[in-house]
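Single-letter residue listing:
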Amino acid sequence: MNDPHPVAGASSRRGEASGALDLAELLRRSGRGDREAFAVLYDAVSARVLGLAVRVVRDPAQAEEVAQEAFMEIWKTSARFDADRGSPLGWMLTIAHRKSVDRVRSAEASTRRDGSYHQQNQPVAHDSTAEAAHASLEAHRVRTALKSLTSIQREALELAYFGGYTHTEVASMLDLPVGTAKTRIRDGLIRLRDMMGVGS
């Protein structure tokens, strides 16, 4: 597939409201190399992808770069989208969220490297080492527990708790009634609690 960026003049053929678009069909067509379908898809969801990136990355310029990286991956992997495993918008926002988190982690790693000389010369208290080890173990337990959720529960939880979106926003992003979105989030939290043995 070639460069997926919209071709000149394509905007005149993209006047449809995003709500009326079949995003799953646009992804399928994009997966077959249809650049026009991808241009329509881009117009329909770019604001939400960028909004999520800004929430996570916090830097607008870097968020724009992250959004472009996300759309490049969406273009390259659109043929892999499976409607049985979640909504098309949720699938795309999950890619954008992953790219955003990767950018934040990369920036944090760079900051740690820059300050490593000073950190090496500072004594590390036993308590802080123990806390870091405990936090690492907890993060591993959470990641393992997340893998046990259904794709729809994980999708809703990731948007609500990692993306920082409200129940209403999650419902809008996943094209669901607010009550259904709340149920998915609640059921996912209950499953997480059970898997991690919280309160047992």
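Residues numbered from 1 in each chain as written. Predicted model: local features only at pLDDT ≥ 70, side-chain atom pairs only at ≥ 80, totals over all residues. Heavy atoms only, no water.

Enquirer: Give a detailed account of the pattern of salt bridges, specifying residues and quantitative values.
Expert: Under the criterion given, the structure shown has nine salt bridges. Across the pair Arg 29 and Asp 34 runs a salt bridge whose closest N-O atoms are separated by 3.1 Å. In this structure Arg 29 comes out as partly exposed when scored by relative accessible area, which is 27%. For Asp 187, the salt bridge identified is with Arg 186, shortest N-O distance 3.2 Å. Asp 187 sits in the partly exposed class, given a relative accessible area of 29%. Assessed through its relative accessible area of 47%, Arg 186 is described here as partly exposed. Taken together, the salt bridges that share partners define one network made up of Glu 25, Arg 28 and Arg 32. (Salt bridge = Lys/Arg side-chain N within 4 Å of Asp/Glu carboxyl O. Buried < 20%, exposed > 50% of the residue type's maximum accessible area, 1.4 Å probe, protein only.)

Enquirer: Describe helix H3 (residues 60–77), with residues and values.
Expert: An ideal rise of 1.5 Å per residue puts 26 Å on 18 residues; H3 measures up with 25 Å between its terminal C-alpha atoms. Among the residues of H3, Ala 63, Val 66, Ala 67, Ala 70, Phe 71, Glu 73, Ile 74, Trp 75 and Thr 77 are the ones counted as buried. The N-cap residue of H3 is Asp 59: its side-chain oxygen and the backbone nitrogen of Ala 61 are 2.9 Å apart. (Helix = DSSP H or I, 4+ residues; strand = E, 2+ residues; numbered from the N terminus. Expected span 1.5 Å × (residues − 1). Polar contact = N/O pair within 3.5 Å; in protein donor to acceptor, adjacent residues only side chain to side chain.)

Enquirer: Residues and numbers for the side chain of Glu 155, please.
Expert: Secondary-structure assignment places Glu 155 in helix H7 (residues 151–162). Residues contacting Glu 155, with those up to four places away along its chain left out, are Gly 86, Ser 87, Gly 90, Trp 91, Thr 94, Leu 174 and Arg 184. (Contact = heavy atoms within 4.5 Å.)

Enquirer: I'd like a rundown of the packing of helix H1 (residues 23–31) against helix H2 (residues 35–57), residues and numbers included.
Expert: Helix-helix packing: each pair is described by the crossing angle between the helix axes and the interaxial distance. Running from amino to carboxyl end, H1 crosses H2 at an angle of 140°, the nearest separation of the two axes being 8 Å. As summarised for this structure, H1 and H2 are arranged oblique, according to the angle between their axes. Of the two possible hands of crossing, H1 and H2 adopt the one that is left-handed. Counting all contacts with H1, which are made through Leu 23, Leu 26, Leu 27, Arg 29 and Ser 30, the residues of H2 involved are Ala 37, Phe 38, Val 40, Leu 41, Ala 44 and Val 45. (Axes fitted to C-alpha atoms, helices over the stretch in contact; angles between N-to-C directions. Parallel < 35°, antiparallel > 145°, perpendicular 65-115°, else oblique. Left-handed = near helix turned anticlockwise from the far one by under 90°.)

Enquirer: Quick rundown of the confidence of the model for the protein chain? Include the residues and the values.
Expert: Taken as a whole, the protein chain shows an average pLDDT of 78; of its residues, 72% reach a score of 70 or greater. Under a pLDDT of 50 for its full length, residues 7–19 has, in the predicted model, twelve contacts with residues more than four places off or in other chains. (pLDDT = per-residue confidence, 0-100.)

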